[in-house]
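Residue strings, one per chain:
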Amino acid sequence: MTKLPSPEIHALLADLPLFTNMSPDEIDRIARGSREIRATKGSLLFHRGDPCLGFHLLLSGQIKLAFTSAQGNEKVVEVIRPGQSFGEALMFMESPYIVDAQALADSHLLHVAKTTVDEELAKDPKLARKMLASMAIRLHQMVNDLEGYSLHSGKERIVAYLLRELAPCAAPGNAARLALPTTKGIVASRLNLTQEHFSRILHELSDEGLIVVHGREIEIPDLARLRASLD
């Protein structure tokens, strides 16, 4: 007799936008084709060039997607947070990974096998539309990032990043505080800046009274002033 997946895995998959409106039986089949992965801080989940045999869903922790240039410089493409998935596009393309994936903290993931996804796509074409929509959103974000790197100054990139990281409930004109989700070096690489340039701009923003830096904690005395600095 086939063992049913745990209620926890079932619930986690059901919360994914990709699987919204799927029946409990369909979610169970996806869960049976999934496996749990525990990655300790600093460990590599996969290397660039490894075959992509499914996609990952991060349950807890933090995963860095990055590649290293021929000169040995690392470029962070994305920092994955709990609830996010990655690898769908390469899974469909049957292409190897184009980045390395490293755990920035002890992490808990689910890996959903491509064979399982293919079987469900054959049964429910609506799942394909959902997955296409999800990948389109990610592509749109990547285009926005490229536009920002090309057209915006380092200061504008950092201010926009800080505003995105704030809680949605933060009201204009109010003070706010946020914690950088990872090290300054990784955030800098994500914004296509060197760590030195990133630190220098933080000092400039601090000198202007727009932020107060306490390590990875950043206090914003006046959100309206910080937003106005982008005008």
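Calculation notes
- Along every chain, residues carry numbers that run from 1 in the direction the sequence is written.
- Where totals are concerned, whole chains, interfaces and linings use all residues; where local detail is concerned, this predicted model gives features only for residues with pLDDT of at least 70, and gives and counts side-chain atom pairs only at 80 or more.
- Computation of side-chain values covers all heavy atoms of the structure but excludes hydrogens and water.
- The criterion is simple. A nonpolar core is a set of buried Ala, Val, Leu, Ile, Met, Phe, Trp, Tyr and Cys residues joined through side-chain atoms within 4.5 Å.
- The buried label applies to any residue whose accessible area, calculated with a 1.4 Å probe on protein chains only, is under 20% of its type's maximum; exposed applies above 50%, and partly exposed to all values in between.
- To qualify as a helix, a DSSP run of H or I must reach at least 4 residues; to qualify as a strand, a run of E must reach at least 2; elements of each kind are numbered from the N terminus.
- In what follows, residue pairs with any heavy atoms lying within 4.5 Å of each other are defined as contacts.
- Strands are treated as partners if at least two bridges between them are detected by DSSP.

Moving on to the nonpolar core. Leu 13, Phe 19, Phe 55, Ile 63 and Leu 65 are the most contacted members of the largest nonpolar core, which totals 33 residues. Those elements that provide at least two residues to this core are helix 1 (7-14), helix 2 (24-32), strand 1 (34-39), strand 3 (54-68), helix 3 (88-93), strand 6 (100-113), helix 4 (114-123) and helix 5 (125-151). With 6 residues, the single largest contributor to this core is strand 3. Sequence-distant contacts of Phe 19, that is, excluding residues within four places in its chain, are made with Leu 13, Ile 27, Ile 30, Phe 55, Leu 127 and Lys 130. In terms of nonpolar packing, the next biggest core, distinct from the first, is built from 23 residues, Leu 162, Ala 188, Phe 198 and Leu 226 among them.

Within strand 4 (residues 74-80), 5 of the 7 residues are buried, leaving the element largely enclosed by the surrounding structure. Of the strand pairs in this sheet, strand 3 and strand 4 are connected by 6 bridges, and their pairing is antiparallel. Within strand 4, the position partnered with Ile 63 by the bridge is Ile 80. Here strand 3 folds back onto strand 4, and the loop between the two strands holds 5 residues, one of which, Gly 72, carries a positive phi near 90 degrees.

With that settled, the discussion passes to the environment of Arg 29. With respect to the secondary-structure elements, Arg 29 resides in helix 2. With a relative accessible area of 29%, Arg 29 lands in the partly exposed category. Linking Arg 29 and His 10, residues 19 residues apart in sequence, is a C-alpha distance of 9.5 Å. Those residues in contact with Arg 29 that lie beyond four places of it in its chain are Thr 116, Glu 120 and Lys 123.

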